[in-house]
Number of protein chains: 2
Amino acid sequence: MTEHRSATPDIGTTDVARADVATADQPTADEVRLARAYLLGVAEPPAPALHAFVAEHGPVVAAERVHRGQVPDGVARETQARRLVERSADDLRRAAESGHRLVIPEDDEWPAWPLLSLQIATGRGVRDVAAPVALWVRGSARLDQVVDGAVAIVGARAASEYGEHTAAELAYGLVQDGAAVFSGAAYGIDGAAHRGALAAGGPTVAVLGCGLEVGYPAGHVGLVNRIAEQGAVISEYPPTTPPARHRFLVRNRLLAALTAGTVVVEAGRRSGARNTAATAGALGKVVMAVPGPVGSATSVGCHELIRDAHATLVSSVDEVLDTVGSLGGAARTESAPRPRRPTDDLGPEALRVHEAVDERTGTAAERIAEASGVPLPRVRALLPELELSGLVERCDTGWRRSRATSR
Amino acid sequence: MTEHRSATPDIGTTDVARADVATADQPTADEVRLARAYLLGVAEPPAPALHAFVAEHGPVVAAERVHRGQVPDGVARETQARRLVERSADDLRRAAESGHRLVIPEDDEWPAWPLLSLQIATGRGVRDVAAPVALWVRGSARLDQVVDGAVAIVGARAASEYGEHTAAELAYGLVQDGAAVFSGAAYGIDGAAHRGALAAGGPTVAVLGCGLEVGYPAGHVGLVNRIAEQGAVISEYPPTTPPARHRFLVRNRLLAALTAGTVVVEAGRRSGARNTAATAGALGKVVMAVPGPVGSATSVGCHELIRDAHATLVSSVDEVLDTVGSLGGAARTESAPRPRRPTDDLGPEALRVHEAVDERTGTAAERIAEASGVPLPRVRALLPELELSGLVERCDTGWRRSRATSR
């Protein structure tokens, strides 16, 4: 399941070395893109030292120095195992043929604003959340646009029917309300979320833990194709990078960063979705979880998130939108009114008087006062008010409840 | 459905008036009990002015003055409709015949400590939570003992099978752990909670919104009999007081006050259980709610409590005990460990190296370094460590995963 390219010891003629020549003037856009493709592959993300090095020197100079091994120790540790692996020009060429693209911070499309959360968290000392130096993208959606108000829906691969149904319903509703749904293209909750979003006409975005060309998981190749048609598929890994467990965890920081909030629909006691949730929390994003039956093993992780990690319980699209602060969300919740009872507007004394009026037999005001504990003069004042409200009626033997309000 | 006794205009020979004679000396225990039985019936609870009046003057003098109508305006408003209704001696006589008792603050059995929460809340300005002046009790359990660590389990009458099952399971487990289960003897969740507690051998306590002799709800007469046998049935209403909606709400403050915390198992958007929860919160008690499927109308109220009112989500007996702070609760939760993986103790680099080792084909250390992005010298150091942990093994062509740890 792993895949390797040969190291090229002689680097005199590589693209990266050529890119270096151009640093005398301003590097061209192609040179910058090539340098970032190289930098994306040369270190296993997240690579905080390399990211800082690129920020300091610019991608072209940084790439050249990494390639030559002339870098500080931290950068060397992150890059030495692959610095002579030269595949970035190939990757870019094949991507162009497939209609894929490398989106870089120098592009208008770069989702700079949401990714800023990664830099801020890194600056605050959160580990393993360095920003990516570029992103491989397949699909029609523009990244800077699709992230606006986007919500991540994640969860267990071994999901229940309840979980998949809920994920699909939430995704469908969110897309209908104009929010893109991000997920990880995995089996279970991820797939259900993507499908629900596609059913609503998209957009939906898959962020992968492997390269765009890998076709993982095998059963979701068709789904990923449809995601690319109606949204985008994103990876920070070179196109042929195989999946690995740590890559899913590293990928999770992008799901968290690129969205306004993360909804965990189902999660076992041990689930990658909880990692995404924890990362979202560390990034200052909204963490939400869907409850489920208490006996269900696939809801244990969600319940723990709500109980112990103070994730917000969400049970509907409106609640998700409210929680991530979407416009109009508050109004939506208020539009689901509590059921009303005809006695809702009565004060406490009037309620007690109403309760003391028999449903069938007429009751004298004196008896009503005694039964309700409300003073007789108040009872005499309240009964006509209750009659006007249609709650009680006079009869030969006193007062009785109107038929409509009897229990 | 209402029940009345005739007012007695001539009070010269009533028990209360006789009790008054004794105030020259110290009133006898019987006089105090009779006075409190009268005070319990003379005002519709909660009766804050009467409660304060009794606290100021003592029950015997207070009863005499109420009876004569020589009271401040606030007390008069609460008592004038019933002050001449004389049934307390009768009630006490019939109670003694039935084996019921009136427990009063002067008794050792009085649950003074939990009821203090009502006085404190009243003092803080919380409305409608005045403490009762006495409690009618049927059953073998001593009130001061059974309240120790008790938990209220409440919920919708129109409960689902899931809700009733969950209520019964929680009650069963709580009783097995030594906690008494309090509830309201209603259909649905209340009944399931009592039954679960009875199945575990009790104790369970029902707090009624009507008198002990009323037999409401009709379908639970047998259940209430069993509750009395294995615990207690409590009411602050004179024995023949009919049920009324406001009485259930008023009763809820006793459920909340007498227990360490309240668990709402199922509740619709509008449910009396939410009133109990709100009261419990106002009394500084722990409020808990059980989640359920998001599509279920009977879980909507629970989800709202968790989401909007910050009730603690509970999904097991251990979580309930943890939340109410029972001894040993923390240890219990820790005894439910997360499932372990053999790679759990590996550092991040070792994890990446392990992932890069192929499951079947041997891989050279150089390829592992490239695939994992971990520097080759570290890879060469880590592989023998992984071998010692039984995670990888050497073969002719390099290293491969040990069979036991392959995915």
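Definitions and limits used
Residues numbered from 1 in each chain as written. Chains lettered and ligands numbered in written order. Predicted model: local features only at pLDDT ≥ 70, side-chain atom pairs only at ≥ 80, totals over all residues. Heavy atoms only, no water. Helix = DSSP H or I, 4+ residues; strand = E, 2+ residues; numbered from the N terminus. Buried < 20%, exposed > 50% of the residue type's maximum accessible area, 1.4 Å probe, protein only. Contact = heavy atoms within 4.5 Å. Areas by Shrake-Rupley, 256 points an atom, 1.4 Å probe, with all protein chains shown as cover. Lys, Arg positive; Asp, Glu negative; His and termini not counted. Salt bridge = Lys/Arg side-chain N within 4 Å of Asp/Glu carboxyl O. Polar contact = N/O pair within 3.5 Å; in protein donor to acceptor, adjacent residues only side chain to side chain. Pairing = 2+ DSSP bridges. Axes fitted to C-alpha atoms, helices over the stretch in contact; angles between N-to-C directions. Buried area = accessible area lost by both parts, 1.4 Å probe. Nonpolar A, V, L, I, M, F, W, Y, C, P; charged D, E, K, R; others polar. Expected span 1.5 Å × (residues − 1). Least-squares fit on C-alpha atoms with pLDDT ≥ 70 in both. Patch = residues over 30% accessible without salt bridge, like charges linked within 9 Å, V, L, I, M, F, W, Y side chains within 5 Å. Right-handed = clockwise from strand over helix to strand, strands pointing away. Parallel < 35°, antiparallel > 145°, perpendicular 65-115°, else oblique. Left-handed = near helix turned anticlockwise from the far one by under 90°. Core = buried A, V, L, I, M, F, W, Y, C linked by side-chain atoms within 4.5 Å.

S.K.: Sorry if this is basic, but what is going on with the overall build of chain A here?
M.R.: The helix and strand tally for chain A stands at 19 helices and 11 strands. The proportion of buried residues among the 407 residues of chain A is 56%. Expressed as a percentage of contacts within chain A between residues at least 6 apart in sequence, the contacts between residues at least 24 apart total 73%. As presented, chain A carries roughly 16700 Å² of accessible surface, and 50% of it is formed by carbon and sulfur atoms.

S.K.: Help me understand the side chain of E86(A), please; the structure alone is not making it clear to me.
M.R.: Residues and elements named next belong to chain A. Inspection of the secondary structure puts E86 in the loop between α5 (73-79) and α6 (88-98). For the buried E86, no salt bridge is present, and the opposite-charge side chain at shortest range is R87, 8.0 Å distant. For E86, the side chain forms a polar contact with the side chain of S88, separated by 2.8 Å.

S.K.: Any chance you could explain the sheet that holds strand β7 (residues 261-264) of chain B here in plain terms?
M.R.: Residues and elements named next belong to chain B. Reading across from one edge, β1-β2-β6-β5-β4-β3-β7-β8-β9 is the order of the 9 strands in this open sheet, with mixed pairing throughout. Across the chains shown, the open sheet's two edge strands, defined by having one partner strand only, are β1 (101-103) and β9 (312-313). Bridge analysis of β1 against strand β2 (residues 135-138) gives 3 bridges, and the strand direction is antiparallel. Bridge pairing in β2 links V103 to L135. Contacts from helix α15 (residues 317-324) reach β3 (151-154), β7, β8 (286-289) and β9, with the element oriented near 160 degrees to β8.

S.K.: Would you take a moment to explain helix α18 (residues 365-372) of chain B for this structure?
M.R.: Three or four residues apart is the spacing at which side chains of an α-helix point the same way, because the helix has 3.6 residues per turn. All names here are of chain B. Along α18, 6 of the 8 residues are buried, which leaves the element largely enclosed by surrounding structure. When α18 is considered as a whole, its buried residues turn out to be A365, I368, A369, E370, A371 and S372. G373 lies just past α18 and shows a positive phi near 75 degrees.

S.K.: How should I be thinking about the pairing of strand β2 (residues 135-138) of chain A in this particular structure?
M.R.: Side-chain direction in a regular strand flips from residue to residue, so the side chains alternate between the two faces of the sheet. Residue and element names in this part refer to chain A. Taking every second residue as pointing to the same face, both faces of β2 are buried, with L135 and V137 on one and W136 and R138 on the other. Two elements, β2 and strand β6 (residues 232-235), share 3 bridges in a ladder whose sense is antiparallel. Bridging from a neighbouring strand, V137 pairs with I234 of β6.

S.K.: Explain the interface of chain B and chain A here, please?
M.R.: By a widely used convention, the size of an interface equals the accessible area lost when the partners come together. The interface of chain B with chain A comprises 60 residues on the first partner and 58 residues on the second. Interface area, chain B with chain A, both sides summed: about 5600 Å², of which 52% is carbon and sulfur. There are 4 salt bridges connecting chain B and chain A. Here E319(B) ties to R307(A) by a salt bridge, and the two come within 3.9 Å at their closest N and O atoms. Where chain B meets chain A, there are 16 residue pairs in polar contact (both at pLDDT 80 or more). At the level of elements, α5 (73-79), α9 (161-176), α12 (245-258), α14 (300-308), β9, α15, α17 (348-356) and α18 of chain B are the ones that each hand at least two residues to the side of chain B that touches chain A. With 5 residues, α18(B) is the largest single contributor of residues to the side of chain B that touches chain A. Of the residues belonging to the side of chain B that touches chain A, the class tally is 22 nonpolar, 14 polar and 24 charged.

S.K.: Quick question: what am I supposed to make of the sheet that holds strand β9 (residues 312-313) of chain A here?
M.R.: Picture the strands of a sheet paired through backbone hydrogen bonds; they go either parallel or antiparallel. Residues and elements named next belong to chain A. One open sheet accounts for 9 strands, arranged β1-β2-β6-β5-β4-β3-β7-β8-β9; its pairing is mixed. In this open sheet, the two strands that pair with only one neighbour each are β1 (101-103) and β9. As paired strands, strand β3 (residues 151-154) and strand β7 (residues 261-264) are joined by 4 bridges and run parallel to one another. Following the sheet pairing, I153 is matched in β7 by V263. Relative to strand β8 (residues 286-289), helix α14 (residues 300-308) is tilted by about 130 degrees, and along the sheet it contacts β7, β8 and β9.

S.K.: Help me out: how do you make sense of the environment of Y38(A) in this one?
M.R.: Residue and element names in this part refer to chain A. By the secondary structure assignment, Y38 is in helix α2 (residues 29-42). Look at Y38 and you get buried, because its relative accessible area is 3%. Here the side chain of Y38 touches R83 through a polar contact of 2.8 Å, landing on its backbone oxygen.

S.K.: Which parts of the structure should I look at to understand α12(B)?
M.R.: The end-to-end C-alpha distance of α12(B) is 21 Å, a good match for the 20 Å that 14 residues give at a rise of 1.5 Å each. Across the 14 residues of α12(B), 12 count as buried, placing the element largely inside the fold.

S.K.: Looking at this model, I keep getting lost on the pattern of salt bridges. Mind explaining?
M.R.: In a structure, side chains of opposite charge can pair up when their charged atoms sit close to one another. Counting across every chain of the model gives 36 salt bridges over all chains. Salt-bridge contacts for R400(A) lead to E393(A); the nearest nitrogen and oxygen are separated by 3.2 Å. Classification of E393(A) by relative accessible area gives partly exposed; the value is 29%. One salt bridge in this structure joins E366(B) and R380(B), with 2.7 Å as the shortest N-O distance.

S.K.: I keep staring at the relation of the copies chain B and chain A and nothing clicks. Help me out?
M.R.: Two copies of a chain can be linked by a rotation about an axis combined with a shift along that same axis. Relative to chain A, chain B is turned by 180 degrees and slid 0.1 Å along the rotation axis, the superposed coordinates differing by an RMSD of 0.2 Å. Both copies are brought into coincidence by an operation consistent with a two-fold rotation axis. Among all residues of chain B, the minimum C-alpha distance to the rotation axis is found for G292(B), at 2.4 Å. A share of 97% of interface residues in chain B that are also interface residues in chain A marks the association as one of identical surfaces.

S.K.: What is the right way to look at a nonpolar patch on the surface in this model?
M.R.: Where nonpolar side chains cluster on the molecular surface, the patch consists of W113(A), L116(A) and I120(A) and spans about 360 Å² of accessible area. In this structure, I120(A) sits in helix α7 (residues 112-123).

S.K.: Quick question: what am I supposed to make of the pairing of strand β5 (residues 204-207) of chain A here?
M.R.: All names here are of chain A. Residues of β5 alternate between two faces, with T204 and A206 on one and V205 and V207 on the opposite face, all of them buried. Two strands pair when backbone bridges link them, and strand β4 (residues 181-183) and β5 are joined in this way by 3 bridges, in the parallel orientation. In the strand pairing of β5, F182 is matched with V205. Between the parallel pair β4 and β5, the chain is carried across by helix α10 (residues 189-199), and the sense of this crossover is right-handed.

S.K.: Is there a simple way to think about the environment of R380(B) in this case?
M.R.: Residues and elements named next belong to chain B. Checked against the element boundaries, R380 lands in helix α19 (residues 376-388). Those residues within four positions of R380 in sequence are excluded, and the remaining contacts are A365 and E366. A distance of 2.7 Å separates the side chain of R380 from the side chain of E366, its partner in a polar contact.

S.K.: I'm lost on the packing of helix α3 (residues 48-57) of chain A against helix α4 (residues 59-68) of chain A in this one. Help?
M.R.: Between two packed helices, both the angle of their axes relative to each other and the distance between the axes serve to describe the pair. All names here are of chain A. Where α3 contacts α4, the axes come no closer than 7 Å and their chain directions differ by 125 degrees. Judged by the inter-axis angle, α3 sits oblique to α4. Considering the relative orientation of α3 and α4, their crossing is right-handed. Here L50, F53, V54 and H57 of α3 come into contact with α4, specifically with P59, V61, A62, R65 and V66. Here the residues of the contact of α3 with α4 are counted per class, giving 7 nonpolar, 1 polar and 1 charged.

S.K.: Is there a simple way to think about the packing of helix α17 (residues 348-356) of chain A against helix α18 (residues 365-372) of chain A in this case?
M.R.: Residues and elements named next belong to chain A. Packing of α17 against α18 leaves a shortest axis separation of 9 Å and a crossing angle of 115 degrees. α17 and α18 meet at a crossing whose hand is right-handed. When α17 is examined against α18, the residues R352, V353 and A356 are found in contact with a partner set consisting of I368, A371 and S372. Taken together, the residues that form the contact of α17 with α18 break down as 4 nonpolar, 1 polar and 1 charged.

S.K.: Please explain the nonpolar core as it appears in this structure.
M.R.: Looking at soluble globular proteins, one finds that nonpolar side chains tend to be buried together. Counting residues in each nonpolar core, the largest one holds 80 residues, and the members touching the most others are F182(A) and F182(B). Setting aside residues up to four positions removed in sequence, F182(B) forms contacts with V146(B), V147(B), A150(B), V151(B), A152(B), I153(B), V205(B), V207(B), L255(B), L258(B) and T259(B).

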